[in-house]
Each structure stands twice: as structure tokens, then as C-alpha cells.
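# Survey of secondary and tertiary structure
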Amino acid sequence: MTSPMPPLRLVTIDGPAGAGKTTVSRLLAQHLGYRYVDTGALYRGVALAAMAEGIAPDDDAGLDRLCQRIRLELTPTERGLRLMLDGVDVTDELRGREVTRMASAVSARQPVRRFLLNLQRALGKNRGAVFEGRDMGTVVFPDAEVKFFLDAAVEERARRRHAELAESDRPPLATVVAEIQRRDRNDSSRQLAPLKPAPDAMRIDATDLTPREVVARMLAHIDRLP
Ligand code: DC
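So, here's what we can say about the structure. (Residues numbered from 1 in each chain as written. Predicted model: local features only at pLDDT ≥ 70, side-chain atom pairs only at ≥ 80, totals over all residues. Heavy atoms only, no water.)

Within the open sheet, the 3 strands sit side by side as 3-4-5. Their pairing is antiparallel. Only two strands of the sheet have a single neighbouring strand rather than two, namely strand 3 (72-77) and strand 5 (88-89). As paired elements, strand 4 (residues 80-85) and strand 5 share 2 bridges and run antiparallel to each other. Each bridged residue has a counterpart across the sheet, and for L85 the counterpart in strand 5 is V88. (Pairing = 2+ DSSP bridges. Helix = DSSP H or I, 4+ residues; strand = E, 2+ residues; numbered from the N terminus.)

The topology assignment puts D184 in helix 8 (residues 173-189). When neighbours within four sequence positions are excluded, D184 is seen to be in contact with P16, A17, V154 and R157. (Contact = heavy atoms within 4.5 Å.)

The next thing to look at is the pairing of strand 7 (residues 146-151). Along strand 7, 5 of the 6 residues are buried, which leaves the element largely enclosed by surrounding structure. Pairing of strand 1 (residues 10-14) with strand 7 involves 4 bridges; the strand directions are parallel. Residue pairing for strand 7: D14 is matched across the bridge by F149. Here 4 bridges tie strand 7 to strand 8 (residues 202-205), and the two strands are oriented parallel to one another. Bridge pairing in strand 8 places F148 opposite M202. (Buried < 20%, exposed > 50% of the residue type's maximum accessible area, 1.4 Å probe, protein only.)

The ligand sits among 16 residues. The nearest are R44, R134, R183, D187 and R190. Separating an oxygen atom of the ligand from a side-chain N or O atom of S107 is a distance of 3.4 Å. Relative to its unbound accessible surface of 450 Å², the ligand loses 98% to contact with the protein. Counting only elements with at least two residues in the shell around the ligand, the list comes to helix 2 (39-52), helix 4 (97-106) and helix 8. Broken down by element, the residue count for the shell around the ligand peaks at 4 residues, all from helix 2. The residue makeup of the shell around the ligand, split by class, is 3 nonpolar, 5 polar and 8 charged. (Near = heavy atom within 4 Å. Polar contact = N/O pair within 3.5 Å; in protein donor to acceptor, adjacent residues only side chain to side chain. Areas by Shrake-Rupley, 256 points an atom, 1.4 Å probe, with all protein chains shown as cover. Nonpolar A, V, L, I, M, F, W, Y, C, P; charged D, E, K, R; others polar.)

Written out as C-alpha cells, the structure reads:
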């Protein structure tokens, strides 16, 4: 007799910038045969669209109109997950420092959160997915079966982000530390869906762990579930 297929679950991974969520989420999704959903890319997509149209990050009416007009799709491809904005692949434009700052700013605004809440819930409808973000386990999917909160020391997170930035967009490490601290503050202190661990999340400090070690801990935790 073959053993029954495990149930399709929703896995959420929240945590601050640079904790390693993206690498770990991708690996974990691969292991589980699940879809991987990078919700930060959706906020970055809205930021990019707002910048292209000259909409200020505190212009709620402008952001609302924008959200009602744009179409965002996350498409898995051989080159990884790609973000399509109105049918155009904008993935390569999402990681710069200006888009990063704007994404943090627009993510505090109600029309943007409401728009993406609906979109994310629709993407999670069939379960069988790993969702990475800031409020996955607390707000978007409070009923997720598996929740993780991934953190790491700020110096280590800044070091990782610094290494990821394109050479032409790479400031001194101290600047990246300051930018990450500012973004942590913005993302954790905003009124709407602030970054914080869900009470039922398993917390992992990844400062001294490789992505594979983090994933091994996560899989061990999932294996122990009923
Ligand atoms: O994960 P990231 O660095 O790509 O996210 C970019 C910004 O988007 C981040 O500063 C905060 C926001 N964000 C959010 O508010 N909620 C999420 N679920 C994901 C990202």
C-alpha cells in the first residue's frame, strides 16, 4: 500500500528584509512541490507603477485609482518567478534602492494593502503554496497550517543585501545598514498590518544558519505536524 498523499497546506514565512526569506521560501516550496509566492514583489510592482505615473506615496486617492487600473501577475518560469505588470515583465526593475524605498512607503497605505490582500487571498485559494512577506501569518492567512518567522541580526541582513545590490547601485555597507534599519522601522511601526510574528509562528534566527539548515528545520517541523 502506498501512504496517502499529505494534505495540501498553506505555509507562511514572514520576517524583516534580508533575513533570507526568498531563498528559503524557494527551496522549501521545491521540497514540498508547492508554488512559491513572493508578496514583496507585488508591493514592489505597485511601487514601480506609482513611480512611473508620478504618484506620491501618500496620495491615497491616486494609489487607489492606480490599484483599480493595474494588473499584476506572478508567473513561474525557468528563470524563476517573474512579475508581470499589465502584461509586461518588470522583474528586473524591482530590486533597485529607489523602488525598495517606495515599496516600503506605499505598503503602509490602505488602498494598496486592500488591493493586495484580495489578490494574495485569491492566489492562496487552492493552498499548496509557500507565501513569503511581512503579514502572511498575521493578516492575509491567519488560518495557514504552517507559519514561520525568520529573523537574523541586522548587520548580517545588511551584509547579504549589500552583496545582492548591483555594483552601480551599491553604497557603502554602513548606508545599507541604515537603510535596512529605516525599513525595519517603517514596516514594523506602521498602523496597517505591521511586521510582527504571528503568535502561532515558529521563530527561526538565521544569523548563523545556511539556507539549507533553515529549510531542514522547517521540514522537520512540518514532518511533526499531524
Ligand atoms: O520582501 P521585500 O523586501 O521584497 O518587500 C518590499 C516591501 O514591501 C517591504 O519593505 C514591505 C512591503 N511588504 C509588505 O508590507 N507586506 C508584505 N506581505 C510583503 C512586503
